[in-house]
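Breakdown of the fold
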Amino acid sequence: MATIGLWGIYTGIRGNDGNVVCDSKKGLSDEGVYFVSTDKNAGNLGSKTANITGLAATPTKIDGNNQVVDVTNPPSSPSVAWTANEINYLVKQKILGRESNGKGGYVDTDDTVECPLIIVSQSTISRKKVFFCFGRGVFNEASHNVQTNTSTAETRDDDNLTYTALTYDKFGGKPYAVFYEDDPQFDEKAMFDMVFPGQKMVKENTVSQSV
């Protein structure tokens, strides 16, 4: 399905037990799911792009008896280049696995923090939501391009994070799944429970279903 726009992005932090951390201090929120909103009071200014690559690998032809007799189906290795206008700085440090030094600074650690991720777009025809879901993955931030303001313009440096998806047992050992609100069997709560096990944000399926 073709999509239009970037409706929003959800993320969280997975605990060692596989469930999301439902605690605003240890995790990202008391519900276990954090939406990167456009609410300045929450320290967010929304997302600009989420460029998903590696959803499929290139098949390899297998030759035999001077002909192509088979083809391999290598596993996918998705990653997401996420650009946001601004992500709440505490949330950003947590998903990057940085620790506070108690003086307002944050330092990289040797531990990786696993995060679920849902990227939401919409159908070009119905405007129903399309969800690109990743149950496990890690964020990193490779660079900051800090530039001077000029006499005529401000120069902004966006939040640019890379998400590397990992295999996920609830997706049959695959790293991602795509959900469609248009699908007659779509269940919003079931999707969030699958991607964010133990979440408390979506308590019932609010999407009407047809048989």
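Below is a summary of the structure that appears in this document. Given the structure is predicted, the values throughout are model-derived calculations rather than measurements. (Residues numbered from 1 in each chain as written. Predicted model: local features only at pLDDT ≥ 70, side-chain atom pairs only at ≥ 80, totals over all residues. Heavy atoms only, no water.)

1. Describing the pairing of strand E12 (residues 159–165)
Residues Asp159, Leu161, Tyr163 and Ala165 of E12 are buried on one face, while the alternating residues Asn160, Thr162 and Thr164, pointing to the opposite face, are not. Bridge count between strand E6 (residues 79–84) and E12: six bridges; the pairing is antiparallel. Looking at the pairing, Ala84 lines up with Asp159 of E12. Pairing geometry for strand E11 (residues 137–140) and E12, over four bridges, is antiparallel. (Buried < 20%, exposed > 50% of the residue type's maximum accessible area, 1.4 Å probe, protein only. Helix = DSSP H or I, 4+ residues; strand = E, 2+ residues; numbered from the N terminus. Pairing = 2+ DSSP bridges.)

2. Things to note about the nonpolar core
The biggest cluster of nonpolar side chains holds 23 residues, and the ones touching the most others in it are Val80, Trp82, Leu117, Ile119, Phe134, Phe139 and Tyr163. Of all elements in the fold, only E6, helix H1 (89–95), strand E9 (117–123), strand E10 (129–134) and E12 reach the threshold of two or more residues within this core. Beyond its immediate chain neighbours, meaning those up to four positions away, Tyr163 contacts Pro78, Ser79, Val80, Cys115, Pro116, Leu117, Phe134, Arg136, Gly137, Val138 and Phe139. (Core = buried A, V, L, I, M, F, W, Y, C linked by side-chain atoms within 4.5 Å. Contact = heavy atoms within 4.5 Å.)

3. Comments concerning the sheet that holds E6
The strands that make up a sheet pair up through hydrogen bonds in the backbone, lying either parallel or antiparallel. Read from one edge to the other, the open sheet built from four strands follows the order E3-E6-E12-E11, with strand pairing classed as antiparallel. Strand pairing shows two members of the sheet lacking a second neighbour, strand E3 (47–53) and E11, which therefore form its edges. Averaged over all pairs of adjacent strands, the angle between strand axes in this sheet comes to 20°, irrespective of strand direction. (Axes fitted to C-alpha atoms, helices over the stretch in contact; angles between N-to-C directions.)

4. Remarks on the pairing of E10
Most of E10 is tucked away: five of the six residues are buried. In terms of strand pairing, E9 meets E10 through six bridges, oriented antiparallel. Each bridged residue has a counterpart across the sheet, and for Ser121 the counterpart in E10 is Val130. Turn length for the E9-E10 hairpin, with the two strands adjacent in sequence and antiparallel, is five residues, and the turn residue Arg127 shows positive phi of about 65°. As judged from the four bridges shared by E10 and strand E13 (residues 177–180), these two strands associate in the antiparallel manner. Residue Phe131 lies in a different strand from E13, and its bridge partner there is Phe179.

5. Things to note about unusual backbone geometry
With a phi angle near 55°, Asn65 is a residue other than glycine that sits in the positive phi range. Here Asn65 is to be found in the loop between strand E4 (61–64) and strand E5 (67–71). Judged by relative accessible area, which is 73%, Asn65 ranks as exposed. The phi dihedral of Asn66 falls on the positive side, at around 65°, and the residue is not glycine. Relative to the helices and strands, Asn66 resides in the loop between E4 and E5.

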